[in-house]
Amino acid sequence: MDNPKESYRLFEKTVETFGILTAEELRKFYELFKPISYPRKSVLTESGSTEKYLYFVQKGVQRIVYQDDIGHEATILFTYQGNFGGVLDSMLTGRATPYSYETLTKSNLLRAPISEVRNLGKAYPAINQLLFEGLLFAFGGLLERLVEIQCFSAEEKFRILLKRSPHILQIIPHKYLANYIGIDATNFSKLLNSVKL
């Protein structure tokens, strides 16, 4: 997103859904974020490292992924335009994370150092409240996801995914969606062709 006004409007629209910050607090928060671009398949936060940034997605798709010692991957979540991103566990604890945060497509992001976000939160408690509300929202989503993984069939998970995010088939490569719901790409194609939406 090359236009600074458009960039600010997207950021403002996302933050205003929580209805917490004043115009001045929003401006101060936004000023922490600097634009940065990455090509597809760039690792923003590497497994074993500590998350140093809070990201805001202007364009592109990213994912948080876990990979075991023999190369099996599990896609934990996706971020895309209008989402905040980064590896939350490391962001909160300051410890090394077992997860990676990577781009799936060319991505234009804003990023703010976590240390600066924390410092601003000391001066403006509403920013801490915003972050807390955002974390509660993310935590609620993760709990729903755990139930889906443990209780639902592949077809049910597919339907839930499309009901929650109907645009997702157009923006995320299908092999990553298959990984996200825990099936191989061939079975995902079969589901795509057989499930009436």
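In what follows, the accompanying structure is described. Predicted, not measured: the structure shown is a model, and the values here were computed from it.

## Overview of the sheet that holds strand S4 (residues 61–67)
Spatially, the four strands line up as an open sheet ordered S2-S7-S4-S5, and their pairing is antiparallel. One side of each edge strand has no neighbouring strand; the edge strands of this open sheet are strand S2 (43–45) and strand S5 (73–80). Averaged over neighbouring strand pairs, the angle between their axes works out to 30 degrees when direction is ignored. Of the pairings in the sheet, the one linking S4 to strand S7 (residues 99–103) comprises five bridges and is antiparallel in character. Considered in S7, the bridge of Ile-64 is made with Tyr-101. Contacting S4 and S5, helix H8 (residues 174–181) runs over the sheet at an angle of about 120 degrees to S5.

## Brief notes about the packing of aromatic side chains
Scanning the model with the defined rule gives 15 aromatic pairs in all. Between the aromatic rings of Tyr-8 and Tyr-30, the centroid separation amounts to 4.8 Å while the plane-to-plane angle is 90 degrees, which identifies the pairing as edge-to-face. Of this pair, Tyr-8 sits in helix H1 (residues 4–16) while Tyr-30 is found in helix H2 (residues 23–31), placing the two residues 22 residues apart along the sequence. Classification of Tyr-8 as partly exposed rests on a relative accessible area of 22%. Taken together, a centroid distance of 5.2 Å and an interplanar angle of 45 degrees make the contact between Phe-78 and Tyr-180 tilted. With Phe-78 in strand S5 and Tyr-180 in helix H8, this residue pair connects regions lying 102 residues apart in the sequence. Judged by its relative accessible area of 10%, Tyr-180 is buried. Cluster of aromatic residues (ring-pair linked, three or more members): Tyr-8, Phe-11, Phe-29, Tyr-30, Phe-33, Phe-56 and Phe-84.

## Section: the sheet that holds strand S3 (residues 53–59)
Across the sheet, which stays open at both edges, the four strands sit in the order S1-S8-S3-S6 with antiparallel pairing between neighbours. Edge strands, defined here as strands with exactly one partner in the open sheet, are strand S1 (34–38) and strand S6 (84–85). The pairing of S3 with S6 spans two bridges and is antiparallel. Bridging across to S6, Phe-56 finds its partner in Phe-84.

## What to know about the side chain of Glu-25
In this structure, Glu-25 sits in helix H2. No salt bridge is formed by the buried Glu-25; the nearest opposite charge belongs to Arg-27, separated by 11 Å. Contact partners of Glu-25, with chain neighbours within four places excluded, come to Ile-20, Tyr-124, Ala-126 and Ile-127.

## Observations regarding the pattern of salt bridges
Inspection of the entire model under this criterion finds six salt bridges. Across the pair Glu-148 and Arg-164 runs a salt bridge whose closest N-O atoms are separated by 2.7 Å. You can see Glu-148 sitting in helix H5 (residues 125–151) and its partner Arg-164 sitting in helix H6 (residues 154–164), a full 16 residues away along the chain. Judged by relative accessible area, which is 5%, Glu-148 ranks as buried. Looking at Arg-164, the relative accessible area reads 38%, which means it is partly exposed. Taking the shortest distance from any N to any O, the salt bridge between Glu-155 and Arg-159 comes out at 3.3 Å. In this pair, Glu-155 and Arg-159 are both assigned in helix H6, four residues apart and thus about one turn of the helix distant. Overall, the relative accessible area of 37% leaves Glu-155 in the partly exposed class. The network of salt bridges with shared partners includes Lys-41, Arg-63, Glu-73 and Glu-102.

Definitions and limits used
Numbers given to residues run from 1 along each chain, matching the order in which its sequence is written. In keeping with the predicted nature of the model, local features appear solely for residues at pLDDT of at least 70, side-chain atom pairs appear and are counted solely at 80 or more, and the whole-chain, interface and lining totals rest on all residues. Values shown for side chains rest on all heavy atoms present in the structure; no hydrogens or waters enter the calculation. Note on pairing: DSSP must find at least two bridges between two strands before they are called paired. Runs of E in the DSSP output that reach at least two residues are strands. Runs of H or I that reach at least four are helices, and both are numbered from the N terminus. In this analysis, axes come from line fits to C-alpha atoms, helices being fitted only over the stretch in contact, and the angle between any two N-to-C directions falls in the range 0 to 180 degrees. Contacts are assigned to residue pairs that have any heavy atoms within 4.5 Å of one another. Each pair of aromatic rings taken from Phe, Tyr and Trp, with Trp reduced to its six-membered ring, is defined by centres within 6.5 Å and is described as stacked if the planes are under 30 degrees apart, edge-to-face if over 60, and tilted in the remaining cases. To sort residues, take the accessible area from a 1.4 Å probe on protein chains only and compare it with the maximum for the residue type: under 20% means buried, over 50% means exposed, and anything in between is partly exposed. We score Asp and Glu as negative and Lys and Arg as positive, and we do not count His or the chain ends. Any Lys or Arg side-chain nitrogen located within 4 Å of an Asp or Glu carboxyl oxygen qualifies as a salt bridge.

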